[in-house]
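Residue strings, one per chain:
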Amino acid sequence: MVPDAPSTRSWGRAFADIRQGFADRELWGHLGWQDIKQRYRRSVIGPLWITISMGVTALGLGLLYAVIFNNDFATFLPYVAVGFIVWGFINGCLTEGMETFIANEGLIKHLPAPLTVYALRTVWRQTLMLAHNLVVYVILLIVFYGDLSKPAYTLSGKLCGTEGAGFCHPGLGWGALMAIPAFVLIAINGGWVTLLFGIISTRFRDIPQVINSLTQLLFYMTPIVWSADTLFAGTHPNRDWAKVLFQFNPLYHFVQIMRAPMVGQQVSMVSWSVVGGITVVGWALALGALRNYRARVSYWV
Amino acid sequence: MVSIDVWNASVDFPIFDAKTRSLKKLVLGKVGGKIGTEGKVPIIEALNDITLSLKEGDRVGLVGHNGAGKSTLLRLLAGIYEPTRGSARIDGKVAPVFDLGVGMDPEISGIENIMIRGLFLGMTRKQMEKRVDDIAEFTELGDYLQMPLRTYSTGMRVRLALGIVTSIDPEILILDEGIGAVDAAFMEKARDRLSDLVRRSGLLVFANHSDEFLAEFCDTAIWMDEGHIKAQGNLREVVTAYKGRDPFENFSQETLRRIGQSPALSTNGGDHA
């Protein structure tokens, strides 16, 4: 006699996985912290290395690209640094997220736990890294607050409205708090990215390689070390094309919704809509994958 | 109500990185599950058409050759593998102890491993902090608990794993073979704790090759062979059928008295499924 055999593939089980995963927040919270502590276990200054390496990278590249693009480094350096910090989070969710189940093979095969726990562990770890990196932002804010809070500042340092000045930005104000909902939205996206790409990558081990080789390209395609302002200020004959084309890079919008408020720039509604749309579509795909292949992951790892 | 029900469950592993050609030869082998090669991806049929029903109070021993499907069955019962065909329902808080090297992080200390294992088994941090002293005392690991797990011997890992699962009152306890790695003195100590736990927690499934361990903890047994249940029933009968001799004959009077068995077996063979 088989009393209403519970099917492996059901929405109920997929949602139960997510619900149970969130309920185990002590578990993934602890694991996420453990990951950070573990990475710097025997180093003297520990997780402070996260902050230092971010600071050094942002400073070096900020100076370099400020010179290359002929920008004012007082406003360009914070722009590059914040771009880096946000990119670091997105990149971490993508590259570590897609390998989350592969990396947790031992635990998955030895202890019954919802898959969502491992996804949340990854996103939480990235959040902690981001928190460390925000120290760099705070320092830059103290140093360059005057330049960033000036109304109608430009990244080029030229007076707003003059030839080749590029965009005029409203300057830093209370609008900076919009970075908080922006981060929450990006983190929510981190959840589906980890679940969906995690499941796909566990089954098809070529996918991590493909994504890894693409992230470097995506980094340069996305305005992080360069600014969209440069496109608008420049005089290259093809710049009209470029202005439109970079908008098709979804990662630009992800970076922009969080970075812009933090450096006193304006976010277009297009960016919020694109990110909002991707959130809905992404979670729908991730839920579908979770429903159909959740039970297969322990077979595939 | 603590129970495990499995209906016509099969577990098939896809092996993505195996070459079908070389595996064909293995089909002739006697060890391991049957290897199916119809599809593009070779499949190992680790478990085939398993139906069983375990309820509160059951103490089941699992016997069978290497590769007969014991560990896979334990993983199925623990809810780690969901059946590829058929279905399974597990009611109760499961605490599994598998291969003891894996599933614990060798780089972090024993204490931290206790915490993580406890959280995985559904405890809160506070509850685990309260139990750390108890685990430290039971395992006799003392200051070693501060050391990274990679410095532990196999026996010490078993102690740690047993210390954790026996301290958290699970409803379903699932133990794989590794347990044998501890010394006799510790096993004596673990025996009381385990039998106490089994009395309280309801359900034990235990895979082991040692007659003594099986006799000590289990009253029924399942004989796994090539991925299906060959026999199931009274421990003594099943083990006698499996080994071809009565394992209890060699036990000392003292052991027999403790487990409440008579020296001679009246019936022969298990009830074959």
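Residues numbered from 1 in each chain as written. Chains lettered and ligands numbered in written order. Predicted model: local features only at pLDDT ≥ 70, side-chain atom pairs only at ≥ 80, totals over all residues. Heavy atoms only, no water.

**As for the overall build of chain B**
Part 1 of the reasoning: Counting its secondary structure elements, chain B contains nine helices and ten strands.
Part 2 of the reasoning: Taken across its 273 residues, chain B has 53% of its residues classed as buried.
Part 3 of the reasoning: Within chain B, residue pairs in contact and separated by at least 24 positions form 72% of the contacts whose partners lie at least 6 positions apart. (Helix = DSSP H or I, 4+ residues; strand = E, 2+ residues; numbered from the N terminus. Buried < 20%, exposed > 50% of the residue type's maximum accessible area, 1.4 Å probe, protein only. Contact = heavy atoms within 4.5 Å.)

**Comments concerning the interface of chain A and chain B**
Part 1 of the reasoning: Taken together, the 31 residues of chain A in the interface contact 34 residues of chain B.
Part 2 of the reasoning: Buried surface at the junction of chain A and chain B, summed over both partners, amounts to about 3,000 Å²; 60% is from carbon and sulfur atoms.
Part 3 of the reasoning: Among the residues chain A hides against chain B, the three largest losses belong to H110, L111 and Y299 of chain A. Together they make up 25% of the total.
Part 4 of the reasoning: Where chain A touches chain B, the interface holds four salt bridges.
Part 5 of the reasoning: Of the charged contacts, one joins R41 of chain A and E112 of chain B as a salt bridge, the two residues approaching to 3.6 Å between their closest N and O atoms.
Part 6 of the reasoning: Between chain A and chain B we count nine residue pairs in polar contact (both at pLDDT 80 or more) in total.
Part 7 of the reasoning: Where the side of chain A that touches chain B is concerned, the elements lending two or more residues are α2 (25-39), α6 (105-110) and α14 (297-300) of chain A.
Part 8 of the reasoning: At seven residues, α2 of chain A tops the list of elements feeding residues into the side of chain A that touches chain B.
Part 9 of the reasoning: Grouping the constituent residues of the side of chain A that touches chain B by class yields 16 nonpolar, seven polar and eight charged. (Buried area = accessible area lost by both parts, 1.4 Å probe. Salt bridge = Lys/Arg side-chain N within 4 Å of Asp/Glu carboxyl O. Polar contact = N/O pair within 3.5 Å; in protein donor to acceptor, adjacent residues only side chain to side chain. Nonpolar A, V, L, I, M, F, W, Y, C, P; charged D, E, K, R; others polar.)

**Description of the confidence of the model for chain B**
The predicted coordinates ought not to be read in detail in places where the model reports low pLDDT.
Residues and elements named next belong to chain B.
Part 1 of the reasoning: Across chain B, the average pLDDT comes to 82, with 83% of residues at 70 or higher.
Part 2 of the reasoning: Under a pLDDT of 50 for its full length, residues 20-25 has, in the predicted model, six contacts with residues more than four places off or in other chains.
Part 3 of the reasoning: Confidence drops under pLDDT 50 across residues 266-273; counting only partners more than four residues distant or on other chains, this segment forms 16 contacts. (pLDDT = per-residue confidence, 0-100.)

**So, the state of the cysteines**
All names here are of chain A.
Part 1 of the reasoning: Tallied over the entire structure, the rule returns one disulfide over all chains.
Part 2 of the reasoning: Across the disulfide from C160 sits C168; the S-S distance is 1.9 Å. The sign of the 100° torsion about the S-S bond sets the C160-C168 disulfide as right-handed.
Part 3 of the reasoning: Accessibility expressed as a relative area gives 33% for C168, which makes it partly exposed. (Disulfide = S-S within 2.5 Å.)

**Remarks on helix α5 (residues 154-167) of chain B**
Part 1 of the reasoning: For α5 of chain B, which comprises 14 residues, the first-to-last C-alpha distance of 20 Å matches the rise-based estimate of 20 Å (1.5 Å per residue) to within 8%.
Part 2 of the reasoning: Burial of α5 of chain B is extensive: 13 of the 14 residues sit out of reach of the surface. (Expected span 1.5 Å × (residues − 1).)

**Some remarks on the environment of D49 of chain B**
Residue and element names in this part refer to chain B.
Part 1 of the reasoning: Turning to its location among the elements, D49 is positioned in strand β3 (residues 43-55).
Part 2 of the reasoning: Residue class for D49 comes out partly exposed when judged on its relative accessible area of 47%.
Part 3 of the reasoning: Separated by 76 residues in the primary sequence, D49 and R125 have C-alpha atoms spaced 40 Å apart.
Part 4 of the reasoning: Leave out the neighbours within four places in its chain, and D49 touches N8, A9 and S10.
Part 5 of the reasoning: A polar contact is formed between the side chain of D49 and the side chain of N8, at a distance of 3.0 Å.

**Topic: the packing of helix α4 (residues 73-97) of chain A against helix α12 (residues 250-262) of chain A**
Residue and element names in this part refer to chain A.
Part 1 of the reasoning: Their axes nearest at 9 Å, the elements α4 and α12 cross at an angle of 130°. In terms of orientation, α4 and α12 fall into the oblique class. Seen from above, α4 lies across α12 with right-handed handedness. In contact with Y79, V82, G83, V86, W87 and I90 of α4, α12 contributes L251, F254, V255, M258, R259 and M262. (Axes fitted to C-alpha atoms, helices over the stretch in contact; angles between N-to-C directions. Parallel < 35°, antiparallel > 145°, perpendicular 65-115°, else oblique. Left-handed = near helix turned anticlockwise from the far one by under 90°.)

**Here we look at the sheet that holds strand β10 (residues 228-234) of chain B**
The strands making up a sheet associate through backbone hydrogen bonding, with each pair oriented either parallel or antiparallel.
Residue and element names in this part refer to chain B.
Part 1 of the reasoning: What the six strands build is an open sheet, ordered β6-β7-β8-β4-β9-β10; its pairing is mixed. Each edge of the open sheet is held by one strand with a lone partner, namely β6 (94-97) and β10. Across the sheet, the axes of successive neighbouring strands diverge by a mean angle of 15°, strand direction being ignored.
Part 2 of the reasoning: Judged from the four bridges that link them, strand β7 (residues 172-175) and strand β8 (residues 203-207) form a sheet pairing that is parallel. In the sheet register, I174 faces β8, and the bridge partner there is V205.
Part 3 of the reasoning: Each of β6 and β7 is contacted by α5, which is oriented at about 170° to β6, the strand it contacts most. (Pairing = 2+ DSSP bridges.)

**Points about the UniProt feature "transmembrane region" (unreviewed entry) in chain A**
Residue and element names in this part refer to chain A.
Part 1 of the reasoning: In this numbering, the UniProt entry assigns the feature "transmembrane region" (unreviewed entry) to residues 44-67, 73-94, 128-146, 174-198, 210-228 and 269-290.
Part 2 of the reasoning: In the segment residues 128-146, helix accounts for 100% and strand for 0%; the C-alpha atoms at its two ends are 29 Å apart.
Part 3 of the reasoning: Summarising residues 269-290: 100% helix, 0% strand, and an end-to-end C-alpha distance of 31 Å. (UniProt positions renumbered as here; feature names shortened; annotations may be inferred.)

**A closer look at a nonpolar patch on the surface**
Residues and elements named next belong to chain A.
Part 1 of the reasoning: Where nonpolar side chains cluster on the molecular surface, the patch consists of V44, I45, L48, W49, I52 and V56 and spans about 580 Å² of accessible area.
Part 2 of the reasoning: Structurally, the position occupied by V56 is in helix α3 (residues 48-68).
Part 3 of the reasoning: With a relative accessible area of 55%, V56 lands in the exposed category. (Patch = residues over 30% accessible without salt bridge, like charges linked within 9 Å, V, L, I, M, F, W, Y side chains within 5 Å. Areas by Shrake-Rupley, 256 points an atom, 1.4 Å probe, with all protein chains shown as cover.)

**As for the pairing of β8 of chain B**
Residue and element names in this part refer to chain B.
Part 1 of the reasoning: Across the five residues that make up β8, a large majority, five, are buried.
Part 2 of the reasoning: The alternating pattern of β8 places L203, V205 and A207 on one face and L204 and F206 on the opposite face, and all of these are buried.
Part 3 of the reasoning: For strand β4 (residues 59-63) and β8, the ladder comprises four bridges, and the chain directions are parallel. The residue of β8 that forms the bridge with G61 is F206.

**Considering helix α2 (residues 70-78) of chain B**
All names here are of chain B.
Part 1 of the reasoning: Counting buried residues in α2 gives eight out of nine residues, a clear majority hidden from the surface.
Part 2 of the reasoning: Taken together, the buried positions of α2 are occupied by K70, T72, L73, L74, R75, L76, L77 and A78.
Part 3 of the reasoning: One or two residues past the end of α2 sits G79, with phi positive at roughly 85°.

**Structural notes on the pattern of salt bridges**
Part 1 of the reasoning: What the rule picks out here adds up to 23 salt bridges over all chains.
Part 2 of the reasoning: Residues D219 of chain B and R59 of chain B are paired through a salt bridge, measuring 3.4 Å at the closest nitrogen-oxygen approach. On the criterion of sequence distance, the pair formed by D219 of chain B in the loop between α7 (211-217) and β9 (220-225) and R59 of chain B in strand β4 is long-range, its members being 160 residues apart.
Part 3 of the reasoning: On the accessibility criterion, D219 of chain B (35% relative accessible area) is partly exposed.
Part 4 of the reasoning: Assessed through its relative accessible area of 25%, R59 of chain B is described here as partly exposed.
Part 5 of the reasoning: As a salt-bridge pair, R159 of chain B and D183 of chain B come within 3.2 Å of each other at their nearest N and O atoms. Residue R159 of chain B is located in helix α5, and its partner D183 of chain B is located in the loop between β7 and α6 (184-201); the two are separated by 24 residues in the primary sequence.
Part 6 of the reasoning: Three or more residues joined by partner-sharing salt bridges are found here, namely D35, R39, E96, R121 and R125 of chain A.

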